[in-house]
Amino acid sequence: MTIVPQNTHSVDAAKLEKLAEVAVKVGLQLQKGQDLVITAPVVAMPLVRLITRHAYIAGAGLVTTFYADEEATLARYEHAPDESFDRASSWLYEGMAKAYANGSARLAIAGDNPLLLSGQDPSKVARANRANSAAYKPALEKISNFDINWNIVSYPNPSWAKVVFPDDPEEIAVAKLAKAIFAASRVDVPDPIGAWAEHNANLHKRSAWMNEQRFSTLHFQGPGTDLKVGLADGHEWHGGASTAKNGVTCNPNIPTEEVFTTPHALRVEGHVSSTKPLSHQGTLIDNIQVRFEGGRIVEAKASRGEEVLNKVLDTDEGARRLGEVALVPHSSPISASGILFYNTLFDENASCHIALGQCYSKCFIDGAKLSQEQIKAQGGNSSLIHIDWMIGSDKVDIDGIKPDGSKVPVMRRGEWA
Ligand code: ZN
Ligand code: ZN
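Report on the accompanying structure. Note that the structure is predicted; figures quoted are calculated from it, not measured.

We now examine the pattern of salt bridges. With the rule as written, the count across this model stands at 18 salt bridges. We note a salt bridge from glutamate 299 to arginine 291, for which the minimum N-O separation is 2.9 Å. Close ionic contact of aspartate 366 with lysine 369 constitutes a salt bridge, the shortest N to O distance being 3.7 Å. Owing to a relative accessible area of 69%, lysine 369 belongs among the exposed residues under this scheme.

Written as structure tokens, this is what we have:
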């Protein structure tokens, strides 16, 4: 049991400080006088303290942190009354939604144990997730509509480190995971802020090329995969830093290697196999195989976590349709590290991926001006969930298909063609 953070001695303090600075200056571009809401696991307290300090140095108004604790979550699964699994702390999410509506920025620290709930009753896990998603919706909408600047960074939580490096003692595992997080987050270089500017310029170049092509469909082919993903009408590719509706240009994900856009909710055909396990809310779903008809998943299998997968798909109608398609070269630094992180923030940036559920309105031309009805009419999906899973590898080819039927190679064997 961990009550206070004990692993700080195996995490490089100087690099942790740089990560905090990058989160505030690159991830959030926190504005003078802007409030900040932080959510974090309690073990990430050393990083929260550094981020809070850098936020105030940058001129933050009020910084408010909400901590979660894995031990407390497990206690709930062991002892809470059954009916409570259909409830969530909606007052908290309403408060967060209010804070975002009033202009607060949002920072989440990721790093939960990917297997925390793997021993718990899958139907309880699904009910709790569903209740949580429904309660979280007003706050999540402000984030997925990009109303505000927001950012996610990670902290090497010991329980996560032990899943990634099971054969190492905890202290070594934490040190290794910390090193991998710092490398992927580009804070292990002399000038992280400059490195991020260069990286953002590269991602902008890639997304500009995809936007020039005006593909109507992407065709993925590889082992167990033959999938045509129709793109939404008026879709726009994004990658790297982008500008929220409040006018602030930020990097929502650290790390990020993807260029991504919105697929058409009704125009996805064929079958696809996952290429990495998906860690979803404390359970692992592996070897996913699904078949799409008219944009909808009509068949879904998994070698592990199939029950959880099917419960996820039953969340709502939009949970069976795609809200994102993203391209990441197989040679991306995270992929090249060879580490399977069991954490979507990292694994999705090691591989091409698709997401079930909610689309991002910013992935449309003039997306900020479109109503929910217009987004839907152009093929944008809506759902309580947004779950990315990995479908890319060095064995997958991607062609772009234009409205006249002509084909352009986009990726060959997992690399930009
Ligand atoms: Zn993505
Ligand atoms: Zn996503």
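With distances of 2.0 to 2.5 Å, the protein atoms coordinating the zinc ion (ligand 2) are Glu324 (OE), His386 (NE2), Asp388 (OD) and Asp388 (OD). Taken together, the four donor atoms coordinating the zinc ion (ligand 2) span angles of 55 to 145° at the metal, a pattern that classifies the geometry as irregular. Within one chain, the residues serving as donors to the zinc ion (ligand 2) are arranged as E-x61-H-x1-D. Here the zinc ion (ligand 1) and the zinc ion (ligand 2) are spaced 3.4 Å from one another, each receiving a donor from glutamate 324. Remark: aspartate 388 occurs in strand S18 (residues 386-390) and glutamate 324 occurs in strand S16 (residues 322-327); sequence separation between them is 64 residues. Neither residue differs from the other here; glutamate 324 and aspartate 388 are each classed as buried.

With that settled, the discussion passes to unusual backbone geometry. Omega for the bond connecting isoleucine 254 with proline 255 falls within 30 degrees of zero, at 5°, which places this linkage in the cis form. Secondary-structure assignment places proline 255 in the loop between strand S9 (249-250) and strand S10 (259-261). Non-glycine residue tyrosine 342 carries a positive phi angle of around 55°. Despite not being glycine, aspartate 366 has its phi angle at roughly 55°, a positive value. Among the structural elements, aspartate 366 can be located in the loop between strand S17 (353-357) and helix H12 (372-377).

Looking now at the nonpolar core. For soluble globular proteins, the rule of thumb is that nonpolar side chains tend to be buried together. Counting residues in hydrophobic clusters, the biggest one holds 67 residues, and the most contacted among them are Leu36, Leu47, Ile51, Leu107, Ile109 and Val153. Viewed by domain, this core spans two of them, domain 1 (8-184) and domain 2 (214-235 + 257-416), each represented by three or more residues. Leave out the neighbours within four places in its chain, and isoleucine 109 touches Thr39, Ala40, Pro41, Ala44, Leu47, Val48, Ile51, Val153, Ser154 and Tyr155. Ala302, Cys352, Val396 and Ile398 belong to the second largest nonpolar core, which has 40 residues in total.

Parameters and conventions
Residues numbered from 1 in each chain as written. Chains lettered and ligands numbered in written order. Predicted model: local features only at pLDDT ≥ 70, side-chain atom pairs only at ≥ 80, totals over all residues. Heavy atoms only, no water. Salt bridge = Lys/Arg side-chain N within 4 Å of Asp/Glu carboxyl O. Buried < 20%, exposed > 50% of the residue type's maximum accessible area, 1.4 Å probe, protein only. Donors = N, O, S within 2.8 Å, 3.2 Å for Na, K, Ca; no water. Tetrahedral: all angles 85-135°; square planar, octahedral: opposite > 155°, others 65-115°. Helix = DSSP H or I, 4+ residues; strand = E, 2+ residues; numbered from the N terminus. Core = buried A, V, L, I, M, F, W, Y, C linked by side-chain atoms within 4.5 Å. Domains from an automatic or database assignment. Contact = heavy atoms within 4.5 Å.

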